[in-house]
Amino acid sequence: MESTLEIGKKLVALCKQSHWLEAVDTLYSPDIVSIEAVEMAPGRKRMEGIAAVREKTVRFLKDVDINSCAVTGPWPHGIALSSASHWTTRQKMAQWRGNALLLRRPPCTP
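Scoring rules and cut-offs
Residues numbered from 1 in each chain as written. Predicted model: local features only at pLDDT ≥ 70, side-chain atom pairs only at ≥ 80, totals over all residues. Heavy atoms only, no water. pLDDT = per-residue confidence, 0-100. Helix = DSSP H or I, 4+ residues; strand = E, 2+ residues; numbered from the N terminus. Contact = heavy atoms within 4.5 Å. Core = buried A, V, L, I, M, F, W, Y, C linked by side-chain atoms within 4.5 Å. Buried < 20%, exposed > 50% of the residue type's maximum accessible area, 1.4 Å probe, protein only. Arc of directions from axis to C-beta.

Engineer: Explain the confidence of the model for the chain residue by residue, including any values.
Structural biologist: Taken residue by residue, the chain gives an average pLDDT of 78. The fraction at 70 or more is 84%. In the model of the chain, helix H4 (residues 92-103) stands out as the element of lowest mean pLDDT, 42, in contrast to helix H2 (residues 20-27), which has the highest, 94. Note that residues 95-110 has pLDDT below 50 and, in this model, one contact with residues that lie over four places away or in other chains.

Okay, structure coming up:
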């Protein structure tokens with residue numbers, strides 16, 4: 001059985017290579033609990049189970065373009081571990097709306 005530190009190192013290595021779904025599929029427990037620092041969508045701060053966490057990851061990857069991501073760690077804490085990541089992303093829909101706004105003209109005034 002791998003140690004928490006060994007699993008953490010694999011997780012950080014996969015994330016540094018942008019292999020997000022491979023990390024979920026190969027390293028996460030079926031009964032994982034994922035807790036976000038900030039609730040980005042209603043009811044999504046705490047997610048339980050591999051299916052919910054995988055679906056969240058797929059939705060995130062579909063909704064954003066990742067411009068950069070720096071991952072550090074891992075820092076094991078007994079049977080748990082943490083890592084840190086700094087993301088620069090752009091919402092795909094927000095970018096589209098921004099472009100649409102640039103194409104719109106203000107109404108003409110007489």
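What follows continues from the structure just given.
Engineer: Lay out the nonpolar core in plain terms, naming residues and giving numbers.
Structural biologist: Residues Leu 11, Val 12, Leu 14, Cys 15, Trp 20, Ala 23 and Val 71 constitute the largest nonpolar core, which totals seven residues. For this core, the secondary structure elements donating two or more residues are helix H1 (4-16) and H2. Those residues in contact with Leu 14, other than ones at most four positions away along the chain, are His 19, Glu 22, Ala 23, Thr 26 and Leu 27.

Engineer: Give a description of H2 that names residues and reports values.
Structural biologist: Helical periodicity: at 3.6 residues per turn, an α-helix aligns residues three or four positions apart in one direction. Taken together, the buried positions of H2 are occupied by Trp 20, Ala 23 and Val 24. Each buried residue of H2 lies within a common arc of 95 degrees when the element is viewed along its axis, so the set occupies one face. Packed against the buried residues of H2 are H1, helix H3 (50-63), strand E3 (64-77) and strand E4 (80-91).

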